[in-house]
Amino acid sequence: MSKILFYAMSGEKLCFLHVLMNAVDLAGKGHEVKVIFEGKSVALAPQLDEEKNPLYLRARGAGLIAGVCRACARQFGVDERVEAIGLPLIGDMMGHAGMAAYAADGYQVISM
């Protein structure tokens, strides 16, 4: 099966929920899937956690959430909330969450 990284940039909740739907679906069909909150989507991490959004909780429980961009979380003022809910802040590329390690590990990167 394939390896897929969803690099979610949109702060639109409906768009992000489609990222999660695809991630859960693909993982359920045997693919190795990871999701990174980047750009405006970082503000959705604490929001979905507080709402106890079932799709988010399912993806998180399945280990599909790789983490949240450190620089963007700081920029949008949600870094402390992200840390409080226990999601990793990733800053391996100039403070942002990079794709290089995933690409080197054979992941197909999909940005939405």
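It should be noted that the structure appears before, not after, this text.
It should be emphasised that the depicted structure is a prediction, and the values quoted were computed from it without experimental measurement. (Residues numbered from 1 in each chain as written. Predicted model: local features only at pLDDT ≥ 70, side-chain atom pairs only at ≥ 80, totals over all residues. Heavy atoms only, no water.)

Draft legend 1. A look at the pairing of strand β1 (residues 3-8). Of all six residues making up β1, five are buried, and the element is well covered by its neighbours. Here six bridges tie β1 to strand β2 (residues 32-37), and the two strands are oriented parallel to one another. Considered in β2, the bridge of Ile4 is made with Val33. The parallel pair β1 and β2, bridged by helix α1 (residues 13-28), forms a crossover whose chirality is right-handed. One ladder, built from five bridges, connects β1 with strand β5 (residues 107-111); its direction is parallel. (Buried < 20%, exposed > 50% of the residue type's maximum accessible area, 1.4 Å probe, protein only. Helix = DSSP H or I, 4+ residues; strand = E, 2+ residues; numbered from the N terminus. Pairing = 2+ DSSP bridges. Right-handed = clockwise from strand over helix to strand, strands pointing away.)

Draft legend 2. Quick peek at the environment of Leu14. Here Leu14 lies in helix α1. Judged by its relative accessible area of 58%, Leu14 is exposed. Separated by 40 residues in the primary sequence, Leu14 and Pro54 place their C-alpha atoms 14 Å from one another.

Draft legend 3. Up close: the packing of α1 against helix α3 (residues 54-61). Contact geometry for α1 and α3: axes closest at 10 Å, N-to-C directions at 45 degrees. By the criterion of interaxial angle, the relationship of α1 to α3 is oblique. Considering only the axes of α1 and α3, their crossing is left-handed. Residues Leu17, Leu20, Met21 and Val24 of α1 pack against Leu55, Tyr56, Arg58 and Ala59 of α3. Tallied by class, the residues present in the contact of α1 with α3 amount to seven nonpolar, no polar and one charged. (Axes fitted to C-alpha atoms, helices over the stretch in contact; angles between N-to-C directions. Parallel < 35°, antiparallel > 145°, perpendicular 65-115°, else oblique. Left-handed = near helix turned anticlockwise from the far one by under 90°. Contact = heavy atoms within 4.5 Å. Nonpolar A, V, L, I, M, F, W, Y, C, P; charged D, E, K, R; others polar.)

Draft legend 4. Seen up close, the packing of α1 against helix α2 (residues 44-51). Where α1 meets α2, the axes come as close as 12 Å, and the angle between the chain directions of the two elements is 80 degrees. Here α2 runs roughly perpendicular to α1, going by the angle between their axes. Residue-level contacts link Lys13, Phe16, Leu17 and Leu20 of α1 to Leu44, Gln47, Leu48 and Glu51 of α2.

Draft legend 5. How the structure looks around α2. Listed in full, the buried residues belonging to α2 are Leu44, Ala45, Pro46, Leu48 and Asp49. Looking at the buried side of α2, the elements it contacts are α1, β2, α3, β3 (65-69) and α5 (79-85). Following α2 by one or two positions, Lys52 has its phi on the positive side, about 55 degrees.

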